[in-house]
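Okay, here's what each chain looks like letter by letter:
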Amino acid sequence: MARKPWVDKDECISCGICKTNCPQVFRFDSHRKAECYDPAGASEEEIQSQAIDLCPVSCISWVDE
């Protein structure tokens, strides 16, 4: 079963770490909250180490597709 990153927008503080480190996966929506727009834009290892592990409020997690 495949998985993809998911952002809890209620918890997102718009710090931009995920967007800066993985711009091919994350972007800001119109409310300046992070969203995953291309889960295939980077490897799971890169998404984990450069976005999920570094999120200061832990609002990014994996969900099963």
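In what follows, the accompanying structure is described. (Residues numbered from 1 in each chain as written. Predicted model: local features only at pLDDT ≥ 70, side-chain atom pairs only at ≥ 80, totals over all residues. Heavy atoms only, no water.)

Some words on the pattern of salt bridges
1) Next: Scanning all chains against the criterion turns up four salt bridges.
2) Next: A salt bridge links Glu44 to Arg3; the shortest N-O distance between them is 3.0 Å. Here Arg3 lies in strand E1 (residues 3–7) and Glu44 lies in helix H2 (residues 44–52), a separation of 41 residues in the sequence.
3) Next: Taking relative accessible area as the criterion, Glu44 reaches 35% and is therefore assigned partly exposed.
4) Next: A cluster of three or more residues bridged by salt bridges with shared partners is formed by Lys9, Arg27, Asp29 and Glu35. (Salt bridge = Lys/Arg side-chain N within 4 Å of Asp/Glu carboxyl O. Helix = DSSP H or I, 4+ residues; strand = E, 2+ residues; numbered from the N terminus. Buried < 20%, exposed > 50% of the residue type's maximum accessible area, 1.4 Å probe, protein only.)

Considering H2
1) Next: Taken as a whole, H2 has its buried residues at Ile47, Ala51 and Ile52. Looking straight down H2, one finds that the buried residues subtend no more than 70° of arc, so they occupy a single side. (Arc of directions from axis to C-beta.)

Everything listed here is a matter of coordinates, which is why it stays silent on function.
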